[in-house]
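Chain by chain, the residues run as shown.
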Amino acid sequence: MKNAISWILVLFILVSVLNNCLNTSVKKEIREKAAFMDKLRNLYSSGDPSRWPKPVLDPESISTFSEIGHLQEISFPSDNQYSSEKELLGKTLFFDPRLSKSEQIVCASCHDPELGWCDNRTFSFGHDRQLGVRNAMSIINTAYAKNPFWDGRVNSLEEQSQKPIEDQREMSGHMDMAAGKIAAIKGYQVLFEKAFGDKSVTKERISKAIATFERTVRSSASKFDYFIDGKADVYTDDELMGLHLFRTKAQCINCHNSGYFSNNTFENIGTSLLGEKGEDLGRYLVTKNVDDAGKFRVPGLREVSRTGPYFHNGSMATLQEVIAFYSKGNPEYSQKRTTIHEGITLKSEKSGMVRMLELSDREIAQLEAFLKTLSSKAERITIPELPK
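In this report, the structure presented in the accompanying data block is examined. (Residues numbered from 1 in each chain as written. Predicted model: local features only at pLDDT ≥ 70, side-chain atom pairs only at ≥ 80, totals over all residues. Heavy atoms only, no water.)

Before going further, it helps to examine the overall build of the protein chain. Scanning the protein chain from terminus to terminus reveals 12 helices and four strands. Reported as C-alpha extents along the three principal axes, the dimensions of the protein chain are approximately 110 × 50 × 40 Å. Within the protein chain, contacts between residues separated by at least 24 positions form 72% of all contacts whose residues are at least 6 apart in sequence. Only carbon and sulfur atoms are counted for the fraction: they give 53% of the accessible area of the protein chain, which is about 20200 Å². Within the protein chain, one finds 51 positive and 51 negative side-chain charges whose respective centroids are separated by 3 Å. (Helix = DSSP H or I, 4+ residues; strand = E, 2+ residues; numbered from the N terminus. Contact = heavy atoms within 4.5 Å. Areas by Shrake-Rupley, 256 points an atom, 1.4 Å probe, with all protein chains shown as cover. Lys, Arg positive; Asp, Glu negative; His and termini not counted. Charge placed at Lys NZ, Arg CZ, Asp CG, Glu CD.)

Once that is clear, we can look at the packing of aromatic side chains. Inspection of the entire model under this criterion finds 17 aromatic pairs. Taking the centre distance of 5.3 Å and the plane angle of 50° together, the rings of F76 and Y82 count as tilted. On the accessibility criterion, Y82 (37% relative accessible area) is partly exposed. Every member of this aromatic cluster is reached through a ring pair, and the members are F94, F95, W117 and F213. (Phe/Tyr/Trp six-rings, centres within 6.5 Å; stacked < 30°, edge-to-face > 60°. Buried < 20%, exposed > 50% of the residue type's maximum accessible area, 1.4 Å probe, protein only.)

Here we take up the pattern of salt bridges. All told, the structure shown has 18 salt bridges when counted by the stated rule. Between D225 and R302 there is a salt bridge, with the nearest N and O atoms lying 2.9 Å from each other. A residue pair is termed long-range when its members are at least 10 positions apart, and D225 in helix α8 (residues 223-228) and R302 in the loop between β2 (296-297) and α11 (319-327) qualify at 77 residues. Classification of R302 as buried rests on a relative accessible area of 4%. One salt bridge connects R306 with E303, and the closest N-O pair in it is separated by 3.0 Å. Assessed through its relative accessible area of 22%, R306 is described here as partly exposed. Three or more residues joined by partner-sharing salt bridges are found here, namely R134, D151, R153 and D280. (Salt bridge = Lys/Arg side-chain N within 4 Å of Asp/Glu carboxyl O.)

Among the residues of helix α2 (residues 84-94), those classed as buried are K86, L89, G90, K91, T92, L93 and F94. Against α5 (175-183), α6 (186-196) and α7 (203-215) lie the buried residues of α2.

Turning our attention to unusual backbone geometry. In this chain, G308 is followed by P309 through a cis amide linkage whose omega measures 0°. Phi is positive for F149, which is not a glycine, with a value near 85°. Examined against the element boundaries, F149 turns out to sit in the loop between α2 and α3 (157-160). You can call F149 buried: its relative accessible area is 17%.

The next thing to look at is the nonpolar core. Core analysis: the largest hydrophobic core is formed by 35 residues, its most contacted members being I68, F224, L243, F246, F261, F370 and L371. Within the residue set of this core, elements represented by two or more residues are α1 (2-44), α8, α9 (237-247), α11 and α12 (361-372). Considering each element in turn, this core owes the most residues, five residues, to α9. In this view, L243 contacts Y44, I68, F224, F227, Y235 and F370; residues no more than four positions away in its chain are not counted. With 29 residues, the next largest nonpolar core counts L99, W117, M171 and I206 among its residues. (Core = buried A, V, L, I, M, F, W, Y, C linked by side-chain atoms within 4.5 Å.)

Along an α-helix, a turn takes 3.6 residues, which lines up residues three or four apart on a common side. Counting buried residues along α9, nine of its 11 residues qualify, which places the element largely inside the surrounding structure. The set of residues buried in α9 consists of E239, L240, M241, G242, L243, H244, L245, F246 and R247.

See below:
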């Protein structure tokens, strides 16, 4: 009986010691994690990016890298300087259906201010309910985009503003005819005179006015901006960890950097589906450089939680899907990497920066939480009264 009691006492002591050790270990781990998060919070919210942890960059991204941060001031071209009168004219034209052949479609049909300045569709409907062939990119912060469109086929917003008007799938118009219709509207003469100094209506002036308005469509300060400016408490731990992962393990910052959250380059992430239904040659159609087959513009990530679906073909519905796609390195099927176009064999050479990351479900959720902090409060846009 005494031996049994002794053994029970020994066992009780051993369990108590082990439990104490485990509790001590767990408490230590919790303290270390809390200390790590406190350190990250202090560094990232310091207002001094030079104090931030060093980003994890691939060698090929270094030449185009600039640290994430605030959006810079908008720059207007020397031959199309800003004026409030020109902005108003451009805004009016942006919402005027008379630029389209059917007089039913406006620029805002695909770039709706209430839908993140896109339309949240996989492909947009255009003239005679035709479907487009690519997802409509949001025009928010487009002032910072070099070579607009998914394939970068124009060099300026002035050029960009003409393309949808003349595209047979979109507005199916013609710039000369559109200018003629606008010139015939007496109410526009006053707007053109205020914007350009005289009443003359030309397609060049229409393009410049719309481009001026588009440059003003810009994100306001987001939760991210407030956080890096010193408001340390606005971020949850998951949002903070998502920011850190974005710059380190997940390596999103290779392509999505600067205040615009894009390096303004074209990358192949393996979504061109060469040789398959939905094939899109991307940048190659512009440059005819075989190395550009399957490359598309790196979009800016501000407002990204409001501008889905994602990718040039709208193939991803949620941010979680997008992050999981990159985490798996997009295991692109070999049969979807080659095609023959106009007698030329093209191959999709996926960027080496797209590779297996093995992010956990928790890390994917943290990245998503961070990306949502890049969106600002939607601003109500007053649609101008159309001239008569």
